[in-house]
Amino acid sequence: LFLRVCYYLFPDIFLKAAQVIIWVGTTNLLIGGISCLAQKELRRLLGYLSVTEAGFLLMGIGSLSSAGMVGAVYQQFMTGLGICGFGLCAG
């Protein structure tokens with residue numbers, strides 16, 4: 001809802017910011033993925049996995065489409081459940 005209000009109030013700025021959000025999300029995704037490869041401890045791996053998933057969320061939000069927004073919310077929900085489950089197993 002907040003993003004939709006911002007889009008209607010400031011459409012030009014929001015369209016330019018969407019490109020920046022997508023680039024930040026892509027960078028976040030790549031750095032988190034590379035950092036995940038070097039981890040040997042499960043807790044740190046889960047931490048960097050969360051960073052990587054945040055990149056997916058930013059890319060979905062930056063797409064400015066309803067499918068991207070719904071996908072970002074679904075990804076956030078499922079990542080939260082998955083990380084909680086893995087965190088309980090890693091203990």
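Residues numbered from 1 in each chain as written. Predicted model: local features only at pLDDT ≥ 70, side-chain atom pairs only at ≥ 80, totals over all residues. Heavy atoms only, no water.

### Points about the overall build of the protein chain
Step number 1: The number of helices and strands found in the protein chain is four helices and zero strands.
Step number 2: When the helices and strands of the protein chain are listed from N to C terminus, the series reads α-α-α-α.
Step number 3: Projected onto its principal axes, the C-alpha positions of the protein chain cover 45 × 25 × 15 Å.
Step number 4: A buried classification covers 19% of the 91 residues belonging to the protein chain.
Step number 5: In the protein chain, once contacts between residues fewer than 6 apart in sequence are set aside, the share between residues at least 24 apart is 55%.
Step number 6: Just so you have it, the protein chain exposes about 6,600 Å², and 73% of that area is on carbon and sulfur atoms. (Helix = DSSP H or I, 4+ residues; strand = E, 2+ residues; numbered from the N terminus. Buried < 20%, exposed > 50% of the residue type's maximum accessible area, 1.4 Å probe, protein only. Contact = heavy atoms within 4.5 Å. Areas by Shrake-Rupley, 256 points an atom, 1.4 Å probe, with all protein chains shown as cover.)

### Some details on the packing of helix 2 (residues 11-37) against helix 3 (residues 42-62)
Step number 1: Two elements in contact, helix 2 and helix 3, have axes separated by 7 Å at closest approach and are oriented at 160 degrees. In terms of axis orientation, helix 2 runs roughly antiparallel to helix 3. The chirality of how helix 2 crosses helix 3 is left-handed. Counting all contacts with helix 2, which are made through Ala 18, Ile 21, Ile 22, Val 24, Gly 25, Thr 26, Asn 28, Leu 29, Gly 32, Gly 33, Ser 35 and Cys 36, the residues of helix 3 involved are Leu 45, Tyr 48, Leu 49, Val 51, Thr 52, Ala 54, Gly 55, Phe 56, Leu 58, Met 59 and Gly 62.
Step number 2: When the residues that make up the contact of helix 2 with helix 3 are grouped by side-chain class, the tally is 14 nonpolar, nine polar and no charged. (Axes fitted to C-alpha atoms, helices over the stretch in contact; angles between N-to-C directions. Parallel < 35°, antiparallel > 145°, perpendicular 65-115°, else oblique. Left-handed = near helix turned anticlockwise from the far one by under 90°. Nonpolar A, V, L, I, M, F, W, Y, C, P; charged D, E, K, R; others polar.)

### Observations regarding a nonpolar patch on the surface
Step number 1: Taken together, the side chains of Val 5, Leu 9, Phe 10 and Ile 13 make up a nonpolar region of the molecular surface, amounting to roughly 410 Å² of accessible area.
Step number 2: Inspection of the secondary structure puts Val 5 in helix 1 (residues 2-9).
Step number 3: Judged by relative accessible area, Val 5 falls into the partly exposed class, the value being 40%. (Patch = residues over 30% accessible without salt bridge, like charges linked within 9 Å, V, L, I, M, F, W, Y side chains within 5 Å. Salt bridge = Lys/Arg side-chain N within 4 Å of Asp/Glu carboxyl O.)

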